[in-house]
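Analysis of the macromolecular model
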Amino acid sequence: MIGHEFLHSPGPTHIPDRVLRAMHAQPLDFVDARLKEIARTCFADLRDVFRTSGHVFVYAANGHGGWEAALSNLCVPGDVVLVPEVGHFSNSWADHARALGLTVEVIEGDWRHAIDPHEVERHLRDDKAGRIKAVLAVQVDTGTAIANDIPAIRAAIDAAGHPAFLVADTIASLAAMPFEMDAWGVDVAIAASQKALMCPPGLAILAANDRAVEMSARLPRHQRYWDWGPRLGEESYMKFNGTMPEQLMFGLRAALDLIREQGLPAIQARHRRIAGAVHRTVEVWGEAGAFSFNAPIREQRAVTVTAIRVAGGIADRIRTHTRETLGVSVAGGLGALGGQAFRIGHLGDINEPMILGCLSALELAFIELGVPHGTGGVRAAIEHLAAERASPDGLPA
Ligand SMILES: Cc1ncc(COP(=O)(O)O)c(C=O)c1O
């Protein structure tokens, strides 16, 4: 294909050239001071991104590894965890917990609405024996493109007077939307490198507070690779339980520099602005009846990904056509939304021209495939962006 290909999946995401260039380097010796400095500064900067003074852990792993790291340090087989269902990723996390021998209680959801904190509170109040060890909540379920109110879930746990740990999956949200680990009372947060952190897949990144680390230290046994204990010291080799994934850390260092230069408020304003443009476009496309938001409530729509339901079972046809003939990849529906929806990722290293290119390519595909859609969707996105960029807190970044 001539020209650039555009990746608009909600992860992996586009990688900035500066990150790619930083990774194009020979490995360093274990004891090289430059390597130690990269590790030290990355761990420190990650604390700032999670907004915590707690402990950060980095694993050579993907997001599933991050789930396993968190669960292995808080729970042993037979423990009970509570999973409010939001979509494919809340449910996969629940499956992962079951596979580790945990008992999972699920608060059923309809995949179209955010976690109801009152349901969480009710469930915890009913747990008179205090069997539930942790509540596992996704901040953004990438499968359904729904964002959850993490502080409200903390408030629900507190209102129930329950000691459960709050574990937040911030894999599809960290850096792109507000997350205040300490201020919100999150005990463990899980992220992954390939989303708004703008790196390749391969790093699972966790933050844990003292209470969580103390629980880990009290567990009778650990799966050694995930164990926080040996990773707590300053020795960079032990922080990775072996050889550091060096090139990924070089990339992470460059990505954290970009995040620091732009600043979290500006990054988050950009994500809101771009998500707003996507949402305006989908509203217009939906006027002809073929498209609708998976999340009907505007405030529950994620700023990192939008899931669009498509009537007539043609979601995958649109996706394939857009990828194969225009070089623009959007993601498909997952789980119950398989074949019913497509998802536009708009997180990480993304700007206005990139999202307008994606939306325009989709509109071109609708025309070529004869899919009915309201006209002027891209124009609506442009107008939204113009208004947002002109507003005093537009903070172009
Ligand atoms: C919210 C969320 N949790 C977990 C995962 C799993 O991450 P990975 O595919 O890196 O294992 C993903 C992946 O897209 C995700 O979006």
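What follows deals with the packing of aromatic side chains. For the coordinates displayed, the defined rule picks out 12 aromatic pairs. For the ring pair tryptophan 285 and phenylalanine 291, a centre distance of 6.1 Å and an interplane angle of 50° mean the geometry is tilted. By relative accessible area, tryptophan 285 is classed as buried at 0%. Here phenylalanine 291 falls in the buried class, since its relative accessible area comes to 4%. Between phenylalanine 291 and phenylalanine 342, the ring centres sit 6.3 Å apart and the planes meet at 80°, which makes this aromatic pair edge-to-face. Within this pair, whereas phenylalanine 291 is found in strand S11 (residues 291–293), its partner phenylalanine 342 is found in strand S14 (residues 341–345), the two being separated by 51 residues in sequence. By the burial criterion, phenylalanine 291 is buried, and phenylalanine 342 matches it. Here arginine 211 stacks its cationic end above the ring of phenylalanine 165, 4.1 Å away from the centre of that ring. Just above the ring of tyrosine 225 sits the side chain of arginine 231; from NZ or CZ to the centre is 4.8 Å.

The mixed open sheet is built from five strands, whose spatial order is S1-S13-S14-S12-S11. Pairing within the sheet leaves two strands with one partner each, and these edge strands are strand S1 (6–8) and S11. Going from strand to strand, the sheet's axes swing by 35° on average, the running direction of each strand aside. Where strand S12 (residues 305–310) meets S14, five bridges bridge the pair, whose relative direction is antiparallel. Opposite valine 305, over in S14, you have glycine 345 as the bridge partner. Of the strands in this sheet, S11, S12, strand S13 (328–332) and S14 are in contact with helix H12 (residues 315–326), which crosses S13 at around 155°.

With that settled, the discussion passes to the site of the ligand. In the vicinity of the ligand, the residues found are Asn62, Gly63, His64, Trp67, Phe89, Val140, Thr142, Asp169, Ile171, Gln194 and Lys195. Here a nitrogen atom of the ligand and a side-chain polar atom of aspartate 169 are 2.7 Å apart. Look at the ligand: alone it shows 390 Å² of surface, and the protein chains cover 89% of it. A total of three residues in the shell around the ligand trace back to one element, the largest contributor, which is helix H3 (residues 63–74). When grouped by side-chain class, the residues that make up the shell around the ligand number four nonpolar, five polar and two charged.

So, on to the domain arrangement of the chain. One widely used convention gives an interface's size as the accessible area the parts lose upon coming together. Here the chain is described as being made up of domain 1 (17–261) and domain 2 (263–390). Using only C-alpha atoms to locate each centre, domain 1 and domain 2 end up separated by 28 Å. Around 2100 Å² of area is buried between domain 1 and domain 2 when both sides are counted, 61% of it from carbon and sulfur atoms. Considering only the surface of domain 1 that becomes buried against domain 2, Arg112, Ala145 and Ala176 emerge as the three largest contributors, covering 26% of it. Run the count over domain 1 and domain 2 and you get zero salt bridges. Applying the counting rule to domain 1 against domain 2 returns 13 residue pairs in polar contact (both at pLDDT 80 or more). At the level of elements, helix H2 (33–50), helix H4 (88–99), strand S7 (146–147) and helix H10 (246–262) are the ones that each hand at least two residues to the side of domain 1 that touches domain 2. Here the element with the most residues in the side of domain 1 that touches domain 2 is H10; it accounts for three residues. Residue composition of the side of domain 1 that touches domain 2, grouped by class: 16 nonpolar, six polar and six charged.

As a further point, take helix H5 (residues 117–126). Burial in H5 covers these residues: Val120, Glu121 and Leu124. Viewed along the axis of H5, the buried residues span an arc of 100°, placing them on a single side of the element. Of the exposed residues in H5, the ones pointing more than 90 degrees away from its buried face are His118 and Asp126. Buried residues belonging to H5 abut strand S3 (80–84), strand S4 (103–107), strand S5 (132–138) and helix H6 (150–159). Of the residues that open H5, the one with a side-chain oxygen 2.9 Å from the backbone nitrogen of histidine 118 is aspartate 116.

What counts and what doesn't
Residues numbered from 1 in each chain as written. Predicted model: local features only at pLDDT ≥ 70, side-chain atom pairs only at ≥ 80, totals over all residues. Heavy atoms only, no water. Phe/Tyr/Trp six-rings, centres within 6.5 Å; stacked < 30°, edge-to-face > 60°. Buried < 20%, exposed > 50% of the residue type's maximum accessible area, 1.4 Å probe, protein only. Helix = DSSP H or I, 4+ residues; strand = E, 2+ residues; numbered from the N terminus. Lys NZ or Arg CZ within 6 Å of the ring centre and 35° of its normal. Pairing = 2+ DSSP bridges. Axes fitted to C-alpha atoms, helices over the stretch in contact; angles between N-to-C directions. Contact = heavy atoms within 4.5 Å. Near = heavy atom within 4 Å. Polar contact = N/O pair within 3.5 Å; in protein donor to acceptor, adjacent residues only side chain to side chain. Areas by Shrake-Rupley, 256 points an atom, 1.4 Å probe, with all protein chains shown as cover. Nonpolar A, V, L, I, M, F, W, Y, C, P; charged D, E, K, R; others polar. Domains from an automatic or database assignment. Buried area = accessible area lost by both parts, 1.4 Å probe. Salt bridge = Lys/Arg side-chain N within 4 Å of Asp/Glu carboxyl O. Arc of directions from axis to C-beta.

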